[in-house]
Amino acid sequence: MKSKIPKSQLSTTKDLHKSSFVSLMIVLLTSTCMFAQSSKETKADDQYEKLAYVDAIQTYERIAVKGYKSQDMLQKLADSYYFKADLDNAAKWYKELFAFAKDIAPEYYYRYSQCLKAIKDYKKADEMLAMFNKKSGNDLRANLASSQKNYLAEIKKNSGNYTIENAGINSEYSDYGSAYYGNKLIFASARDTSGLRNMKHTWTGEGFTNLYQSDIDNQGVLSTPKRFGKKLNSKFHESTPIFTKDGKTVYFTRNNFLNGKKGKDSARITLLKLYKANLDGDKWSNITELPFNSNEYSVAHPALSGDEKTLYFASNMPGTLGQSDLFKVEIKSDGSFGKPENLGKGINTEGRETFPMVTSTGELYFASDGHPGLGGLDIFVSKIDSDGTYKNVHNVGEPLNSSKDDFGFLINEVTRNGYFTSNREGGKGGDDIYKLIEIKKAVCEQMLVGIVTDKETTLPLANTVVTLLDANFKLLKEYTTALDGKFDFGQVTCDSKFYIKTEKETYTIIETTVSIPNEFGKTFITIALDKSVKAVKEGDDLFKMIGLNSIYFDLDKSFIRKDATVELAKILDVLEQNPTMEIDIRSHTDCRQTAKYNLALSERRAKSTMEWLVKKGINKSRLSSKGYGESQLVNDCGCEPTSNSNCTEEQHQANRRSEFIVKAKKK
């Protein structure tokens, strides 16, 4: 009795006109991590005779409370609490940031959402997370499409790695899927060569598929196909075998049929199962179904890991995310099996993932219509990490992929020759097997390494914790630097964005964005950390120590602008915290205008700066001011006597600067 697949079931996953068993198989298969390192609070000594200290973050907070705010300062202030896991205070300052600024980077929506959850404001946290997803993209099928809007350009980058040709063994029927067995290629075919019962599948109009073999000669030419494994083939469908390296065990797909008995699900449909057989002499025997099969769902398309301890397969069993997902199961030393595990959202989507193949170097190839592709099923590849997780999924590009179904990737890892299946235009039957030759490695490899240094001394920093996060701030790796300050995250995904969080006691925690190119090589990053608490000595410039932004004056003017008050408030706070500190205010101009004019202008600007501080309560005896005009240029942008210069505006800006020099204490 023939197995039937109702069209109502078929039409939910596949076009009705496609007449191959592959269609039948497909139809049936149809947080942020935060690490905080407590820093010792260093209080300023009361006596300037010892040492004075400047803590930029505490300064920022005190002046922000007084109403002096900027976007840069609020971001740093909120981040300082976020990285220390003080999410209550971080939420406070992120709230201030979002109220103050409009153009905010996507990562701040994510951080704010996590902080809002910490204070149980779940509604607003969800709103922030939704905005983060909208701005930066997320995962699964819809979000993959959104986050990979330039996917066609990316596929083009990955194209051209193979040459292809018809394998020369195809019939006018469906021929698909392939596996190596010694010097033979084993594949499934719907060609009817038995001459016995001439059985036809009622839906495809073709014969039920059986396993066939072709010898591979020294030139890679395939011989005329003939039936393979008489005991393996039944009156129903067989396909997609995988053999152990010793050639003594085979796993394969078959309709739910064993020992002359056909099984059906509750809807009276005969689904797919995985079977195992052993070689006894020159015959296959002891055919048994695998224990995680079921009459109520399909399991198909087996693949073995390089060490043969893991079996991969496709299924729509409970726990499937989409129409069919990829799973893996442990093969134990006694031959029994563990519990099947879904490969997860990094691989599986709401669509179809099927036909897995795993190389000995840990590359997972599979077919999918859920990841962005060229049409139908495309072939994709993902690197399996040492911890069992999966790197970013890459479309292998043309010519392997087309606007039709492309699947069943197989490659000889020594010769780099292989096969795949497609129903593209120009074929002989419904599905055809094509030969491929890899001409360059399809998967990009990049190493991410770097060094952490002291920003001021440029010396390497030991015992620094360096954390690698993915684009969604998920922890990937953590590294502690040795005496040379170097870190090595090993291989990372090409054409991806990462964040590196760097933290060391008494240094300001920073987060660095790293973009990995889509090419072979090594990405080297230098991360310079700034002291969060600094000792102040005679001759130091508070402008540099606190990290002030430039203090601007309007053209030819000397009054204090509103944006400059935020920066001057930082100087004010330092003076308030260190009541014996004295500073010399120095103002400089660029060379444009006459030297006499610039000297007078800088004098007025230095004086107005000092007067601002005096009005805010600083004793005038602690301050001095002087204008230097254009007499102390930091570059070669002088322009006397014409007042003309070919320098850029950026070069001139470097000369228009303010300095706040710490003076020696009066005797």
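Here the structure is shown first, and the text comes after it.
Rules and cut-offs
Residues numbered from 1 in each chain as written. Predicted model: local features only at pLDDT ≥ 70, side-chain atom pairs only at ≥ 80, totals over all residues. Heavy atoms only, no water. Helix = DSSP H or I, 4+ residues; strand = E, 2+ residues; numbered from the N terminus. Expected span 1.5 Å × (residues − 1). Buried < 20%, exposed > 50% of the residue type's maximum accessible area, 1.4 Å probe, protein only. Pairing = 2+ DSSP bridges. Axes fitted to C-alpha atoms, helices over the stretch in contact; angles between N-to-C directions. Disulfide = S-S within 2.5 Å. Phe/Tyr/Trp six-rings, centres within 6.5 Å; stacked < 30°, edge-to-face > 60°. Lys NZ or Arg CZ within 6 Å of the ring centre and 35° of its normal. Salt bridge = Lys/Arg side-chain N within 4 Å of Asp/Glu carboxyl O.

J.: I would appreciate a short explanation of helix α5 (residues 87-100) in the present structure.
T.: The α-helix winds at 3.6 residues per turn, so residues separated by three or four positions along the chain end up facing the same way. In this model α5 runs 19 Å from its N-terminal to its C-terminal C-alpha over 14 residues, within 8% of the 20 Å that 1.5 Å per residue would give. Of all the residues in α5, the buried ones are L87, A90, A91, W93, Y94, L97 and F98.

J.: Explanation requested: the pairing of strand β25 (residues 465-469) in the structure shown.
T.: Successive residues of a regular strand alternate their side chains across the two faces of the sheet. Burial of β25 is extensive: 5 of the 5 residues sit out of reach of the surface. Side chains V465, T467 and L469 of β25 all project onto a buried face; the interleaved residues V466 and L468 project onto the opposite face, where all are buried too. Summarising the sheet, β25 and strand β26 (residues 475-480) pair through 5 bridges and their orientation is antiparallel. Looking at β26, one finds that V466 is bridged to Y479. With antiparallel pairing between neighbouring strands as the criterion, β25 and β26 make up a hairpin whose turn holds 5 residues, including F473 at a positive phi of roughly 65 degrees. Relative to strand β28 (residues 496-503), β25 runs antiparallel, the two being bridged by 5 bridges. Bridge pairing in β28 places V466 opposite T502.

J.: I tried to follow the sheet that holds strand β29 (residues 510-516) on my own but got confused; where do I start?
T.: In a beta sheet, neighbouring strands pair by backbone hydrogen bonds and run either parallel or antiparallel. Strand order in this open sheet of 4 strands is β26-β25-β28-β29, and the pairing throughout is antiparallel. The open sheet has two free edges, formed respectively by β26 and β29, since each of these has just one partner strand. Sheet twist, expressed as the average angle between the axes of neighbouring strands with direction ignored, equals 20 degrees.

J.: Explain the state of the cysteines here, please?
T.: Here, the word disulfide means a covalent bond between the sulfur atoms of two cysteines. Scanning all chains against the criterion turns up 2 disulfides. Residue C591 pairs covalently with C639 via a disulfide, S to S 1.9 Å. Here the S-S torsion is close to 120 degrees, and the disulfide linking C591 with C639 is therefore right-handed. Pair noted here: C591 is in the loop between β32 (583-588) and α12 (595-615) and C639 is in the loop between β33 (623-629) and α13 (649-655), with a separation of 48 residues, a long-range link. There is no split in this pair, since C591 and C639 are both buried. Here C637 pairs with C647 through a disulfide, and the sulfurs are 2.1 Å apart. Between C637 and C647 the sulfur-sulfur dihedral comes to about -100 degrees; the bridge is accordingly left-handed. Within this pair, whereas C637 is found in the loop between β33 and α13, its partner C647 is found in the loop between β33 and α13, the two being separated by 10 residues in sequence.

J.: Help me out: how do you make sense of the packing of aromatic side chains in this one?
T.: Note on aromatic pairs: each is described by the distance of the centres and the angle between the planes. Per the stated rule, a full pass over the model turns up 24 aromatic pairs. Seen from their ring centres, Y68 and W612 are 6.3 Å apart, and the 70 degrees between their planes marks the pair as edge-to-face. Residue Y68 is located in the loop between α3 (56-65) and α4 (71-83), and its partner W612 is located in helix α12; the two are separated by 544 residues in the primary sequence. You'll find Y68 and W612 in the same group, each marked buried. Taken together, a centroid distance of 6.3 Å and an interplanar angle of 45 degrees make the contact between Y94 and Y112 tilted. Of the two residues, Y94 sits in helix α5 while Y112 sits in helix α6 (residues 106-118), which places them 18 residues apart along the sequence. Relative accessible area serves as the criterion here: at 2%, Y112 is assigned to the buried category. The ring of Y108 has R111 sitting right over it, with the charged end atom 4.9 Å from the ring centre.

J.: How do you make sense of the environment of Q323 when you look at a structure like this?
T.: Counting through the fold element by element, Q323 comes out in the loop between β14 (310-315) and β15 (325-330). For Q323, a relative accessible area of 25% translates into the label partly exposed. On a C-alpha basis, the gap between Q323 and T349 in space is 8.5 Å, while along the polypeptide they are 26 residues apart.

J.: In this structure, what is going on with the sheet that holds strand β20 (residues 394-395)? I would like to understand it.
T.: Strands sit in the order β17-β18-β19-β20 across an open sheet of 4 strands; the sheet is antiparallel. Each end of this open sheet is capped by a strand with a single partner; those strands are β17 (353-358) and β20. Here strand β18 (residues 363-368) pairs with strand β19 (residues 378-383) via 6 bridges, running antiparallel. When the sheet's bridge partners are listed, F366 is paired in β19 with F380.

J.: What should I look at first to understand the pattern of salt bridges in this one?
T.: Between side chains of opposite charge, pairing is possible as soon as their charged atoms come close. What the rule picks out here adds up to 22 salt bridges. The closest approach of N and O atoms between R111 and E511, which form a salt bridge, is 1.9 Å. Remark: E511 occurs in strand β29 and R111 occurs in helix α6; sequence separation between them is 400 residues. We note a salt bridge from R416 to E438, for which the minimum N-O separation is 2.7 Å. One end of the pair, R416, is in the loop between β21 (406-411) and β22 (417-422); the other, E438, is in strand β23 (residues 432-438), and 22 residues separate them in sequence. Residue E438 is classed as buried on the basis of its relative accessible area of 13%. Bridged by salt links that share partners, the residues D590, R592, E649 and R656 form one connected network.

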